[in-house]
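A look at the structure
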Amino acid sequence: MRISLSLLTLLLSSGSAFAALPIDIHAGAIVQVPLSELHPTQATLGYRQLDYKLHRYQAEPKKLFDDYCESMGQKGVKDFSAQSKITQPSSFSCKAPVGSEPGPMKTAVIAPDNQLYLTDGHHTFSNFVDVAGLTVPVQVRITDDFRSLKTMSEFWQKMEAANLVWLDTPNGKIKPDALPKELGRQYMHNEEYRSLVYFVRDIGFDKEQNPPPFLEFYWGKWLETQLPVSNFNLGDRYGYAKAVAAIAEKMTSVPKDTVIANSDSGTLTAQQLGARDKVNKKKLAKLSENDGKLTWAFAH
């Protein structure tokens, strides 16, 4: 069931309104909500990954609207103009109705406090925040309704058991109440390995259609013990490309049964996290070309 932005905003801001209203917002529903009403379930982002997308958006506005439409399950942008804004979805059109392709849609859960907690899409939505602010309206797919749990403490225990929250930071593990309350670079910390692993995708590992939650974070945590970032110059695209190459070699050379992470649901091996048999050197070289991702990431 889909409900309007104004109604859902009222529901979210009124404390016990979910329980009081007869409207059933259930798992599987698609709801529209401003970004300000989505609470993060991780404290960190890869800033360099954000830089890549933001610089692309500045140079190629179509990319911004494409990403927005895709994230709403609408395939991509159909029409937009110089006056179009993602804060005003009526100012542009997408190729399909909301939810037509649910796979790329971002997901959230409902907590006992009647708030929505984002479980996928922190980078995409944080980029939207950085571009246009927290009032951007987005569509999210509800995967779980945890309002039957009695306390928020029970909720976070459930979230950890289901691998739906990431509490690790570069400064150690935090408590759920220390998670940021809002999305966006200014509210969330930088995690260098998270960006590095993003750029290694399709070069040192392949991300399957239904990957384990927090796949990039698991790789990043393992890499901390293998390749300290202090070994590399991450201040320009060439030094960054060397770091990506070293990481790709490490991922592809490790035996596939190597345990990379221990999650609440069991161990995760290099094979389960998508480690490739060999480095994709063609895509590695592409990173630093004039139209490559790292060129955009380090653009000024």
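Above: the structure in question.
These remarks concern the structure in this document. Here the structure is a predicted model, which means the values were calculated and not measured.

What follows deals with the sheet that holds strand β8 (residues 137–145). Taken in spatial order, the 5 strands make up an open sheet running β1-β8-β6-β7-β2, and their pairing is mixed. Either end of the sheet is taken by a strand with one partner, and the two such strands are β1 (30–34) and β2 (38–39). By the bridge criterion, 4 bridges tie strand β6 (residues 107–110) to strand β7 (residues 116–120) in an arrangement that is antiparallel. Its bridge partner lying in β7, Ile-110 is registered against Leu-116. Across the sheet, helix α6 (residues 152–161) is in contact with β6 and β7; its angle to β7 comes to roughly 10 degrees.

The next point concerns unusual backbone geometry. Positive phi, close to 70 degrees, is recorded for Asp-202, a residue that is not glycine. Relative to the assigned elements, Asp-202 resides in the loop between α7 (192–200) and α8 (215–226). Residue classification places Asp-202 among the partly exposed residues on the basis of a relative accessible area of 30%. Phi is positive for Phe-214, close to 65 degrees, though the residue is something other than glycine. With respect to the element layout, Phe-214 can be found in the loop between α7 and α8.

A word on the pattern of salt bridges. Taken as a whole and judged by the stated rule, the model has 18 salt bridges. A salt bridge links Asp-67 to Lys-53; the shortest N-O distance between them is 3.2 Å. Of this pair, Asp-67 sits in helix α4 (residues 61–71) while Lys-53 is found in helix α3 (residues 47–59), placing the two residues 14 residues apart along the sequence. You can call Asp-67 buried: its relative accessible area is 9%. Note that Arg-56 is salt-bridged to Glu-60, the shortest N-O span being 3.1 Å. Under the relative-accessibility criterion, Glu-60 is labelled partly exposed at 32%.

For the structure shown, the criterion picks out 20 aromatic pairs. Between Arg-48 and the ring centre of Phe-298, over which it is positioned, the NZ or CZ distance is 3.9 Å. It is Arg-194 that lies over the ring of Phe-217; its NZ or CZ is 5.5 Å from the centre.

Look at α3 against α4: their axes get within 4 Å of each other, and the N-to-C directions meet at 120 degrees. Considering their axes alone, α3 and α4 lie oblique with respect to each other. From α3, Lys-53, Arg-56, Tyr-57, Gln-58 and Ala-59 reach across to α4, where they touch Pro-61, Lys-63, Leu-64 and Asp-67. Looking at the contact of α3 with α4 residue by residue, the classes come out as 4 nonpolar, 1 polar and 4 charged.

With that settled, consider the environment of Trp-222. Positionally, Trp-222 belongs in helix α8. Distance from Trp-222 to Ala-261, taken between C-alpha atoms, is 7.1 Å for residues 39 residues apart in sequence. The contact partners of Trp-222, leaving out residues within four places of it in the chain, are Lys-250, Val-254 and Ile-260.

Reading guide: rules and limits
Residues numbered from 1 in each chain as written. Predicted model: local features only at pLDDT ≥ 70, side-chain atom pairs only at ≥ 80, totals over all residues. Heavy atoms only, no water. Pairing = 2+ DSSP bridges. Helix = DSSP H or I, 4+ residues; strand = E, 2+ residues; numbered from the N terminus. Contact = heavy atoms within 4.5 Å. Axes fitted to C-alpha atoms, helices over the stretch in contact; angles between N-to-C directions. Buried < 20%, exposed > 50% of the residue type's maximum accessible area, 1.4 Å probe, protein only. Salt bridge = Lys/Arg side-chain N within 4 Å of Asp/Glu carboxyl O. Phe/Tyr/Trp six-rings, centres within 6.5 Å; stacked < 30°, edge-to-face > 60°. Lys NZ or Arg CZ within 6 Å of the ring centre and 35° of its normal. Parallel < 35°, antiparallel > 145°, perpendicular 65-115°, else oblique. Nonpolar A, V, L, I, M, F, W, Y, C, P; charged D, E, K, R; others polar.

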